[in-house]
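An overview of the molecular structure
Each chain, letter by letter, is given below.
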Amino acid sequence: MFGKVELLAPAGDTECFESALKFGADAIYLAGTEFGMRTASKNFTFEDLKLSVEKAHKKGVKVHVTCNTLPRNDEIDRLPEFLKTAQDCGVDAFIIADLGVMSLAAKYAPKVQRHVSTQAGVVNYQTAKVLYETGASRVVLARELSLDEIADLRAKIPSELEIETFVHGSMCVSFSGRCLISSYMTGRDANRGDCAQPCRWKYHLFEEHRDGQYFPVEETENGTFLYNSRDLCMIEHIPELLKAGVNSLKIEGRAKSAYYVSVITNAYRHAIDEYYEYGGEKPLSPWIKDELEKVSHREYSTGFFFGGEPGQVTGNGGYIRHYDVVAVCDEYKDHTAYLTQRNRFFSGDKLDVLPPSGEPFEIIVDYMQNEKGEQIDVAPHAMQKVIMPSNVEIPAGSVLRKQRAE
């Protein structure tokens, strides 16, 4: 392996993009208004894309555009213009699942690197080599590979061909996301970016002559849940990933919030930096792992990386959530923080502050004012401007959180 590993963060909209930039991503992946696998996200117009690329490049951050749906005949004719315009916006790479799209990208956007999406299901070195010969500079491996399999693949492919793997976020019950359940049940095609996630729903059996009687498929005190994948988390295994030859560590989450992007990008940024500072000899700082508990998530696992099946969550179908975002700091000057409210909080509350760099810290809200300079005991209105004196510096861009009552 050569060079420092890349931290690749998701962005479903411009707010998420700003969060990824602010909290330490080396590269950001996103979608245009077509051909991306997340239609639920706002995504990026070409105007948004051009401005975002300019911002990223000023900070030395790359931008990868997902072009990873499997386009039908009536869509293919629109691809050349899409690819050319994206190249004109200055993007660094396309993430592609389809060989026809690979060919069109080489023809119409030759200056843009071509990365092969995890949707292509690359699980062996021979496929990786063939893709390299067709112009791929990187393969995003299937999530079902173990670290040993990745290391073996790395040893048998050209050194110039980069390897990217998902290291954090939601997992799909189907191999490399090739699922048809959503199409069958809702008409929303998961392979075209429109998954309704019916694998997370609660299911019962129904017998036709027993109207209104529902029978759990697997009975627990909380109900029955099928195909309910755990979330992936490899924050404690950066050394093993790098030893296996991975070039890019990818965070899942283009449909997630800017807060999620901030927290997870920040945590992996510090985990990677600690690895390079201490050579993997020092245990991960506890606060880094603790941060991952401060976002909504399902039960964590290490996926397939250490062999075997990660298993499903059968006791519940919901997220674990311990914290709420209550404000974002717009400015700090003269020992005063100027905040924009996101959720209700009160004078006297203990808040957890996540700064754009450094470790999180806690503060107590002793005093607040509204925009008129009037003292307030509660900030109840969404996007309300709040003035809060603080002898502890709260850097601009910091996220303020409040722990939920258990």
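That block above? That's the structure.
Residues numbered from 1 in each chain as written. Predicted model: local features only at pLDDT ≥ 70, side-chain atom pairs only at ≥ 80, totals over all residues. Heavy atoms only, no water.

**Concerning the side chain of Glu-6**
How we decide: Helix numbers and strand numbers start at the N terminus; a helix is a DSSP run of H or I with at least 4 residues, a strand a run of E with at least 2. Counted as a polar contact is a pair of N or O atoms within 3.5 Å, where, for protein atoms, one must be capable of donating a hydrogen and the other of accepting one, and residues adjacent in sequence contribute only when both atoms are in side chains. Should any heavy atoms of two residues lie within 4.5 Å, those residues are counted as being in contact.
Mapping Glu-6 onto the fold places it in strand S1 (residues 6-10). In terms of polar contacts, Glu-6 uses its side chain to reach the side chain of Arg-138, at 2.8 Å. Apart from residues lying up to four places away in sequence, Glu-6 is in contact with Asp-26, Ala-27, His-64, Arg-138, Asn-247, Ser-248 and Leu-249.

**Quick notes on the packing of helix H1 (residues 14-22) against helix H10 (residues 258-278)**
Going by this rule: Axes here refer to lines fitted to C-alpha atoms; in helices the fit is confined to the stretch in contact. Angles between the N-to-C directions go from 0 to 180 degrees. Our angle categories are set so that under 35 degrees counts as roughly parallel, over 145 as roughly antiparallel, 65 to 115 as roughly perpendicular, and the remainder as oblique. Handedness of a crossing follows from how the near helix is turned relative to the far one, being left-handed for an anticlockwise turn of less than a right angle and right-handed for a clockwise one. Polar here means any residue outside two lists: the nonpolar Ala, Val, Leu, Ile, Met, Phe, Trp, Tyr, Cys and Pro, and the charged Asp, Glu, Lys and Arg; Gly therefore counts as polar.
In contact at an axis separation of 8 Å, H1 and H10 are set at 15° when each is read in the N-to-C sense. When the axes of H1 and H10 are compared, the pair comes out roughly parallel. Handedness of the crossing formed by H1 with H10: right-handed. On the side of H1, the interface is formed by Glu-15, Cys-16, Ser-19 and Ala-20, while H10 contributes Ala-258, Val-261, Ser-262 and Thr-265. For the contact of H1 with H10, the class distribution of residues is 4 nonpolar, 3 polar and 1 charged.

**Thoughts on the environment of Phe-305**
Its place among the elements puts Phe-305 in the loop between strand S12 (300-301) and strand S13 (323-333). On a C-alpha basis, the gap between Phe-305 and Glu-149 in space is 8.9 Å, while along the polypeptide they are 156 residues apart. Setting aside anything within four residues of it in sequence, one finds Phe-305 in contact with Leu-145, Ser-146, Leu-147, Ile-150, Thr-165, Phe-166, Leu-232, Met-234 and Leu-241.

By themselves, these figures tell us nothing about what the structure is for.
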